[in-house]
Amino acid sequence: ERSLFSALPALYALDNATDPAEDQGRTGIDDLKRLRFQAKRELQQRCSLDQDPDAKILIFIGRWVKQKGVDHIAMLAPTLLQSHPEVQVVLAGPPDDACGLYAQELLAPLMRHFPGRLFVCCEFFALPGDLRRGAHLCFTPSCSEPFGYVDVEFGLLGVPSVGCAIGGLGKMPGVYYRMQNADSSRMVLEAFLCSIDFALNMPDADYWEMAQAATKADFSFDTWRANLKEVYAQAISHYRPRKGEELSLNDEWLQRDKADVIRCELQDRTSSALRRKSEAAEVVQQMQVLDVDDEIEFLTQSVPEERVHDIMKEAMNQYKQRGSRVVKDAETLQRNICLAEQRLKELNHVTQWLMKPFARTKYLRIHAVIALCYIVAPAGETLLKTTTGKATEFLTDYMQHVVFYAGLFVGSLLWLALSRGVPPNLLMASSQLANVLFSVLVPSLPDQLLTDWTILSFLAMSGVLSASRLLFIIWNFNEDFHGGFQVACKRIGILESLRTAAGMLSVIVSLGGMAYVYQQIVLIISLTTLILLFKAPQCYCAYSLPPMGWVEGLFTHKSFILLLLSEMLNATVSYTSQTYHDWWVLNGWSTHDIISFSLVIMAVSALVVPFIFAGLQRVSVWGPWPMRDFTCFLPPGSLLRALALYDLGYLHHRSYLFAAALIASYCIDVLRSASVFASMMAVLGNKWYALKGCYIVIAMTSLCSCASPFVGRAIAVAVVNTSPFQRVTLDKPVSHSGSLGEAVFWAVVPLTLAAYFFQLVTLRYFNSDILTYRGHGNLLPTGAATGASSTMHRVPITALRRMHRAARKPRRRMP
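Residues numbered from 1 in each chain as written. Predicted model: local features only at pLDDT ≥ 70, side-chain atom pairs only at ≥ 80, totals over all residues. Heavy atoms only, no water.

Q: Residue-level account of the overall build of the chain, with values.
A: Of regular secondary structure, the chain possesses 34 helices and 6 strands. Expressed as a percentage of its 815 residues, the buried residues of the chain come to 50%. Long-range pairs, those at least 24 residues apart, make up 78% of the contacts in the chain between residues at least 6 apart in sequence. When the accessible surface of the chain is split by element, carbon and sulfur atoms take 59% of a total near 39,400 Å². (Helix = DSSP H or I, 4+ residues; strand = E, 2+ residues; numbered from the N terminus. Buried < 20%, exposed > 50% of the residue type's maximum accessible area, 1.4 Å probe, protein only. Contact = heavy atoms within 4.5 Å. Areas by Shrake-Rupley, 256 points an atom, 1.4 Å probe, with all protein chains shown as cover.)

So, in structure tokens, the structure goes:
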């Protein structure tokens, strides 16, 4: 709901109304127990359950759809029945979508294993109100709920609820959990299991007090009517008509020809100067309009429900034949079905091959191709490192730095603008083609052609090319962006680490005189990926950035703004803090030693960093706290470099501690860059917003990087009367001027501390900006407490493990 209504100026909560309990809460606990005993016996008889007066009946009656979370009930049913011998389960309702069909297939064989304890009815089931009193708890694990009547109906009969506190749920007495990560089925299942286990083990006095409180709930029509009038009054008083003649779709439907409206809405793109719409595309659109005119349903999923049911049944039969557990949830299984259906519809054999899983993982081969483009394509930063040795009186190293990042600024705006009219596969193929030209062919030109202006032009174009790297990040998440931050942190970490390792490898081969070999490898990879991108699946060819404002949906997130400010301040010291190659030389290290340091950075980036982000993904299942803390507490690596140069650089010749500090700072920068971008993507939530937002971040940080040489020099000269450009010695001068270490310290440390301050402030707003975070315990995403007399209980992971062990070793009830 947060993402659906985020564009509205204001939201007003309005509860629904229902009839109160017949006794209006006057029934005592003893009367509730007596009514429960009578109703339980009749309910067990009606549902063919064992006649057990001590049994605790858990019930769910309603539509079997994803919204109601019935698939979660089905997945937990074996665990509950095995670990709690006193439990009986009643599940009734018609399956209405793929999740309901999945639950039906899971529950069908369980009735044979738990006779007399499990009742399943996959059709409309009418249960009299008096019999509902016999239930011990009412299941309400909905993924979304505007108000919720079932919990009210059972609660007024003295039956508390156990489920998810989301939307309109949580207003009745019961035991609830919140979705700390709505994209993680494991988190939802484990939280639901903990809630049920806690509710079943409650002391009798607490349980019956909660049941009695449920009968006193009041949602009167008078209160609802008064609240509705107040909401209408506020909406009318705050309404301001927009200037102009903007019409809604309904207005256009009434004032224009219906066929024109349908044709406009079904149009996937418009003809532009960059990409003209062919006559065949016009015919396809006309055919779609004719289909709508013939009253053919067009707002359906790609695979019909009947086919989904058949495929699910066959897939689960195969799992049973292999003797494996059904570990996939309904959403994952349905996603696999849609991907398989899409792959079957592709006619080209290369495209079908790209749609297959890569190395038996959940990633597709097209993802691997795009990842390979990201790792080897943007060679601009590496070029900047290798050409600084060619500095002349005109072509200074800081001028090269400024020109490259100016090109990066222009490139970020250029690629963002092109994303509006050019499909992603053509954009990425264009980037690969430019990579072949500027990273392989241009460096092979004769030396007499490499003038100062040629090198500057080359650097600027390399900056433009380097800006395209974001395309490979965003579209690497196509088909599975619903994983949110837990997917983003691991994959971005792996891609960034491998890209850093590839950059270090290029530095090593350049210093070792083997640049030609590296260029040939890049050429082969670029040409191969270029051809494969032209054969990308339909989802990479048919969509482009939809028309929207350039900053729409971005600056409503406080954590995004704070991280942007932090990145801008950190980029302002980029030039001063990235001349560590000269620091190593001044400290006495030779070229071969620097090659060894690059090998260490490459090994750490390729081997250690992926494991760190894999661990982040693993713990992020339980919520955004690990990613938030890692991003906000990890300081900039430039801070460590400046402190190391200031405190250690001049003490010893060939200082191993100084070299280790610089290596560690570089690895910290890799970790921080990947975590910040993963966090920004998670905050923005939508891949289109992520594309716009991250390009705006790159553009703003590029401008700050352009200014970094001048800002750093101005601060250092003003404080210690020494320029950080004077990289001659690390020793302290005899004069009153400061040393190189002091100049770098004052040029870097104050700004990086300010950047780190904005990171720490992000802690306050990070969780509330994550769309998959729905709160924690009795706290809303904003941190506000809910419930008049609610309490919060924490369940450690060890307790979850004990529950699963108890499920594997079922207990027997004593006679």
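Q: Before we move on, could you go through helix α32 (residues 740-762) and cite the residues and values that matter?
A: Its 23 residues place the ends of α32 33 Å apart at the C-alpha level, agreeing with the 33 Å of an ideal helix rising 1.5 Å per residue. For α32, the principal kink sits at Val748 and spans about 25°; a proline, Pro750, occurs within the next four residues. (Expected span 1.5 Å × (residues − 1). Bend = angle between axes of the 7 residues up to and from the residue.)

Q: Account for the packing of helix α2 (residues 70-83) against helix α7 (residues 185-200), with residues named and values stated.
A: With their axes 10 Å apart at the nearest point, α2 and α7 run at an angle of 50° to one another. Relative to α7, the element α2 lies oblique. Judged by the sense of rotation from one axis to the other, the crossing of α2 with α7 is right-handed. Residues His72, Ile73, Met75, Leu76, Thr79 and Leu80 of α2 form the contact with α7, whose own contacting residues are Val188, Leu189, Phe192, Leu193 and Ile196. (Axes fitted to C-alpha atoms, helices over the stretch in contact; angles between N-to-C directions. Parallel < 35°, antiparallel > 145°, perpendicular 65-115°, else oblique. Left-handed = near helix turned anticlockwise from the far one by under 90°.)

Q: I'd love a proper account of the pairing of strand β1 (residues 56-61), names of residues and values included.
A: Within β1, 6 of the 6 residues are buried, which leaves the element mostly enclosed by the surrounding structure. Neither face of β1 is left uncovered, since the one carrying Lys56, Leu58 and Phe60 and the one carrying Ile57, Ile59 and Ile61 both have all their residues buried. Looking at chain direction, β1 and strand β2 (residues 87-92) are connected through 6 bridges and run parallel. Bridging from a neighbouring strand, Phe60 pairs with Leu91 of β2. Taking the sense of rotation as the criterion, the β-α-β connection linking β1, α2 and β2 turns out right-handed. (Pairing = 2+ DSSP bridges. Right-handed = clockwise from strand over helix to strand, strands pointing away.)

Q: Talk me through a nonpolar patch on the surface; I want residue IDs and the actual numbers.
A: A cluster of nonpolar residues, Met514, Tyr516, Val517 and Ile521, forms a patch on the protein surface that exposes about 420 Å² of accessible area. Within the secondary structure, Ile521 is located in helix α23 (residues 515-534). For Ile521, a relative accessible area of 46% translates into the label partly exposed. (Patch = residues over 30% accessible without salt bridge, like charges linked within 9 Å, V, L, I, M, F, W, Y side chains within 5 Å. Salt bridge = Lys/Arg side-chain N within 4 Å of Asp/Glu carboxyl O.)

Q: Explain the pattern of salt bridges residue by residue, including any values.
A: This structure, assessed with the given rule, holds 7 salt bridges. Close ionic contact of Glu567 with Arg672 constitutes a salt bridge, the shortest N to O distance being 2.6 Å. With Glu567 in helix α24 (residues 558-572) and Arg672 in helix α30 (residues 656-684), this residue pair connects regions lying 105 residues apart in the sequence. Exposure remark for Glu567: the relative accessible area of 11% places this residue in the buried category. Residue Asp669 is joined to Arg641 by a salt bridge in which the shortest nitrogen-to-oxygen separation is 2.9 Å. With Asp669 in helix α30 and Arg641 in helix α29 (residues 637-647), this pair connects stretches of sequence that are 28 residues apart. Classification of Asp669 as partly exposed rests on a relative accessible area of 22%. Take Arg641: its relative accessible area is 2%, and that puts it in the buried class.

Q: Can you explain α7? Please cite residues and give values.
A: The end-to-end C-alpha separation of α7 is 22 Å, in line with the 22 Å expected for 16 residues at 1.5 Å each. Within α7, 13 of the 16 residues are buried, which leaves it mostly tucked inside the rest of the structure.

Q: Give me the confidence of the model for the chain: which residues, what numbers.
A: Detail in the predicted coordinates should be disregarded across regions flagged by low pLDDT. On average, the chain scores 78 in pLDDT, and the residues at 70 or more come to 77%. Per-element confidence in the chain is highest for α24, whose mean pLDDT is 94, and lowest for helix α10 (residues 249-255), whose mean pLDDT is 47. Contacts for the low-pLDDT stretch residues 245-250, under 50 throughout, to residues beyond four places or in other chains number 4 contacts. Here residues 287-301 scores under 50 on pLDDT; set against residues more than four positions off or in separate chains, the count is 13 contacts. (pLDDT = per-residue confidence, 0-100.)

Q: I'd like a rundown of unusual backbone geometry, residues and numbers included.
A: In the Ramachandran plot, Ser48 falls in the positive-phi region, its phi being about 60° despite a non-glycine side chain. By secondary structure assignment, the location of Ser48 is in the loop between α1 (29-46) and β1. Backbone geometry at Asn721 places phi at a positive 60°, although glycine is not the residue there.

Q: Please set out the packing of aromatic side chains residue by residue, giving values where relevant.
A: For the coordinates displayed, the defined rule picks out 18 aromatic pairs. Considering the side-chain rings of Tyr207 and Trp208, the 5.2 Å spacing of their centres and the 80° angle between planes classify their relative orientation as edge-to-face. Of the residues examined, Tyr207 reaches a relative accessible area of 3% and is grouped as buried. An angle of 75° between the planes, with centres 5.2 Å apart, marks the rings of Trp589 and Tyr656 as edge-to-face. A residue pair is termed long-range when its members are at least 10 positions apart, and Trp589 in the loop between α26 (580-586) and α27 (591-619) and Tyr656 in helix α30 qualify at 67 residues. Of the residues examined, Tyr656 reaches a relative accessible area of 64% and is grouped as exposed. Linked through ring pairs, Tyr398, Tyr575, Phe710 and Phe725 together constitute an aromatic cluster. Its end group placed over the ring of Tyr374, Arg499 keeps NZ or CZ at 5.3 Å from the ring centre. (Phe/Tyr/Trp six-rings, centres within 6.5 Å; stacked < 30°, edge-to-face > 60°. Lys NZ or Arg CZ within 6 Å of the ring centre and 35° of its normal.)

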